[in-house]
Structure formats: structure tokens, C-alpha cells
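Take a look at the letters that make up each chain.
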Amino acid sequence: MSHERFYSRVNGPTLHRVNAVRWLDEVAPRHLAGGGDPRHVTEHLLASGWSNHSVPGYPHVLLESRDRRLHLTLEPEADEFLSSWRVHPAQGHAWSAQFGIHTPVEMIAGFTGALHSTGPRPEETELWRLAASRGWTMQLAGRQRAALSPDKTASLFRESSLAENPISRWSVQVSVPLGEGRQRWIWNASIDEAAPSAALTGFIDALTDPAPLLRSEGQTPQHTFGFLDSRRSPITPEQHRLQHLRRLEAVQRTGTPAPPPGPARHKRHR
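Nothing here was measured: the structure is a model prediction, and the numbers come from that model. (Residues numbered from 1 in each chain as written. Predicted model: local features only at pLDDT ≥ 70, side-chain atom pairs only at ≥ 80, totals over all residues. Heavy atoms only, no water.)

Points about helix H2 (residues 105-112)
Line of reasoning, step 1. H2 sits mainly inside the fold: eight of its eight residues count as buried.
Line of reasoning, step 2. Within H2, burial applies to Val 105, Glu 106, Met 107, Ile 108, Ala 109, Gly 110, Phe 111 and Thr 112. (Buried < 20%, exposed > 50% of the residue type's maximum accessible area, 1.4 Å probe, protein only. Helix = DSSP H or I, 4+ residues; strand = E, 2+ residues; numbered from the N terminus.)

See the structure below:
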């Protein structure tokens, strides 16, 4: 089925409508950069052997891991309080990871790209130490521990339910102030602590990384205007597309994720 004649963001080899996007911006802080292109996550999983079970004609994505043990669902929700991305075991309810529609795809990819990685489970203190090393401020409120981003618009929590069999989870809340003590909710995420440890670490690593993210015009949420530092990137849309294709080729060859390239540093664009 051809889609080239349609005016749609799906057009273009991948990631961008290359002929329509004139430039890219480096946007910081990254947690306010907006969701970006979901193919950063979905095409990478497909390249690594996940299968597509999406229903034609319905606006969602259903992916299943090669071993049929994991599912990813993307069903966009306009409400910032609801989760659009969900990752969980195909059978049972041992754990789940959920992300709002404005969660940057680079952070979701930090989680999904490490789902099949093996290694010892990191100590909780290691994850807090990672956030603190990048300028996040540690906070303690009762039994709940948290870290606040340097710009104070994102909070990382570890919390436990009060049920008979308590469930521990890590959650993120991102919001911007409106004045008079009010906040505008941007996105939220939650990952059960029983999720694969490397995936949890990959998400927190991507969340707290101070490097900016690349975005084209219209990709950042409207409500974050005035809270972003945006600089013109020397990386062109075509170069960004090629970087993405090389990332897919690397995972096809090795079956393991390739680290995403960081944007070049340069003077502020005015």
C-alpha cells in the first residue's frame, strides 16, 4: 500500500519528512523536549526481531518480542495523565512499564533497548547516585525518596504501595509552573521495580542525561515554551536519518542496541 501521496508525518524514509524539515534544534532539558518520532523505538525493536501485530485501520502499534515473552503497546492518549506506551510480559502481571505520550522516545528506547540485557540488579543507591552525579537534587519525604531535576520540572520517585504484598515502582512526574502554585502536567511514567533491571537503569540513565535532544519544528509540547533552551543543530535532517538507519543496521547485525550518537556542541543560535 502506497502512502507517498499523502500529506503525513509517516512519509520520508524514516524519522523525518526529509524534504519538509529544514533544520533540527537541540532542545534542553530533554524531559521537556516532547515525545519525538515513535519509530525511534518501534523500528529499532522490529530490526532486533520483534514482530508487528498491529490491526490495520486502528491507530495503535502492537509489538511482540522474538521469544514471545514481552509485549509493547502504543495507543496514543491525548490526556497527559494517561499512559500511551505500555511494556509488560505477554503472560501474567509480574511487572509493567508505562509512559505518557510526551515521554521522549529516547528515554523509552533506553528502557526497551536493554530489555534483553543480562547482569546483576543494581542497588537502589547506585541509581540515586547516577541522578545526583548529573545535578539532580536528592529529597526525602517520609518513606518516599525522590530526585528533582536541575530545572525543578521533573521528579523521579521510588515508592511502595501499602498493600499486604507491597509493590515497589519507580515513577517520573514532569510539569511546568503556571503561577499561584499551579502546575501544568506534561507527562508521567512508572516502571515496576520487578521489571528487568538493565531496562530500568537504561531509562534512568536516559532520563538524567544532561545532553539535549534533537527535535524538528512542532515536535515540542506547546506548554513547555519558555522553559526550553533551543539551539540550532549542525546535524541536518538527512544526517539524522542516516544515523537512525545505521543504528538499525547495527542491531540487525549484532542483535544488541547501538548507542545513540550525541549532538555536536556549538555556539548558541540566536
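Some remarks on the confidence of the model for the protein chain
Line of reasoning, step 1. Predicted confidence across the protein chain gives a mean pLDDT of 86, with 83% of residues reaching 70 or more.
Line of reasoning, step 2. For the protein chain, the element scoring lowest by mean pLDDT is strand S7 (residues 137-141), at 84; H2 scores highest, at 98.
Line of reasoning, step 3. Confidence drops under pLDDT 50 across residues 263-270; counting only partners more than four residues distant or on other chains, this segment forms 19 contacts. (pLDDT = per-residue confidence, 0-100. Contact = heavy atoms within 4.5 Å.)

Focus on the pattern of salt bridges
Opposite charge on two side chains allows them to pair when their charged atoms are near.
Line of reasoning, step 1. Here the structure, examined in full by the defined rule, presents 11 salt bridges.
Line of reasoning, step 2. Between Asp 25 and Arg 232 there is a salt bridge, with its nearest N and O atoms 3.6 Å apart. You can see Asp 25 sitting in strand S1 (residues 25-28) and its partner Arg 232 sitting in strand S13 (residues 229-232), a full 207 residues away along the chain.
Line of reasoning, step 3. Residue class for Asp 25 comes out buried when judged on its relative accessible area of 17%.
Line of reasoning, step 4. A salt bridge links Arg 241 to Glu 238; the nearest nitrogen and oxygen atoms lie 2.5 Å apart. Separated by three residues within a single helix, Arg 241 and Glu 238 lie in helix H5 (residues 237-254), roughly one turn from each other. (Salt bridge = Lys/Arg side-chain N within 4 Å of Asp/Glu carboxyl O.)

Examining unusual backbone geometry
Line of reasoning, step 1. Following Ala 28, the chain continues to Pro 29 via a peptide bond in cis, the omega torsion being 0 degrees.
Line of reasoning, step 2. In this fold, Pro 29 is placed in the loop between S1 and helix H1 (39-47).
Line of reasoning, step 3. Of note, the phi angle at Arg 68 is positive, near 65 degrees, even though the residue is not glycine.
Line of reasoning, step 4. Examined against the element boundaries, Arg 68 turns out to sit in the loop between strand S3 (61-64) and strand S4 (70-74).
Line of reasoning, step 5. Arg 68 sits in the exposed class, given a relative accessible area of 63%.

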